[in-house]
Amino acid sequence: MTGDSYKYMDYDVKFHALITKRKEKGITQKQMANELGVTEASISRWESFNRRSLIAYFGYKRVLGG
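Note that the coordinates shown come from a computational prediction; the quantities given were computed from them, not determined experimentally.

1. A look at the nonpolar core
Side chains that are nonpolar tend, in soluble globular proteins, to be buried together.
For step 1, the next point in the chain: By size, the foremost hydrophobic cluster in this structure holds 13 residues, and its most contacted members are Phe-15, Leu-18, Ile-43, Trp-46, Tyr-57 and Tyr-60.
For step 2, the next point in the chain: At the level of secondary structure, the elements contributing two or more residues to this core comprise α2 (11–24), α3 (29–36), α4 (40–47) and α5 (54–64).
For step 3, the next point in the chain: Aside from chain neighbours lying at most four places away, what touches Leu-18 is Tyr-57, Tyr-60, Lys-61 and Leu-64.

2. Brief notes about the confidence of the model for the chain
For step 1, the next point in the chain: Considering every residue of the chain, the mean pLDDT works out to 90; 86% of them sit at 70 or more.
For step 2, the next point in the chain: Per-element confidence in the chain is highest for α3, whose mean pLDDT is 97, and lowest for helix α1 (residues 3–8), whose mean pLDDT is 65.

3. Structural notes on α5
Every α-helical turn comprises 3.6 residues, leaving residues that sit three or four positions apart pointing alike.
For step 1, the next point in the chain: Among all positions in α5, only Ala-56, Tyr-57, Gly-59, Tyr-60 and Leu-64 are buried. The arc enclosing the buried residues of α5, seen along the axis, measures out at 165 degrees, which places them on a common side. Exposed side of α5, more than 90 degrees from the buried face: Ile-55, Phe-58 and Arg-62 are the residues found there.
For step 2, the next point in the chain: Buried positions along α5 lie against α2, α3 and α4.
For step 3, the next point in the chain: N-capping of α5 is provided by Ser-53, with a side-chain oxygen placed 3.2 Å from the backbone N of Ile-55.
For step 4, the next point in the chain: Two residues or fewer after α5 comes Gly-65, characterised by a positive phi angle close to 70 degrees.

4. Focus on the packing of α3 against α5
For step 1, the next point in the chain: Two elements in contact, α3 and α5, have axes whose closest approach is 11 Å; the angle formed by their N-to-C orientations is 100 degrees. If you check the angle between α3 and α5, you find them roughly perpendicular. Contacts between α3 and α5 involve Met-32, Glu-35 and Leu-36 from the former and Gly-59, Tyr-60, Arg-62, Val-63 and Leu-64 from the latter.
For step 2, the next point in the chain: In terms of residue class, the contact of α3 with α5 is built from five nonpolar, one polar and two charged.

Rules of the game
Residues numbered from 1 in each chain as written. Predicted model: local features only at pLDDT ≥ 70, side-chain atom pairs only at ≥ 80, totals over all residues. Heavy atoms only, no water. Core = buried A, V, L, I, M, F, W, Y, C linked by side-chain atoms within 4.5 Å. Buried < 20%, exposed > 50% of the residue type's maximum accessible area, 1.4 Å probe, protein only. Helix = DSSP H or I, 4+ residues; strand = E, 2+ residues; numbered from the N terminus. Contact = heavy atoms within 4.5 Å. pLDDT = per-residue confidence, 0-100. Arc of directions from axis to C-beta. Polar contact = N/O pair within 3.5 Å; in protein donor to acceptor, adjacent residues only side chain to side chain. Axes fitted to C-alpha atoms, helices over the stretch in contact; angles between N-to-C directions. Parallel < 35°, antiparallel > 145°, perpendicular 65-115°, else oblique. Nonpolar A, V, L, I, M, F, W, Y, C, P; charged D, E, K, R; others polar.

What follows is the structure, given as structure tokens:
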């Protein structure tokens, strides 16, 4: 998926909302990493928008019910 595709789906805005929801529920990055089967470093990269991943986006939605 190209960068333009992520812009088209408004990825940053939607993912930021999921990050906020994670924090409101008191779920740590470590807990999210365990739930998704990835490293804490991956969670950090995704949440700082250094990397964009549809797998992360849909994983967060599954875990957070979003």
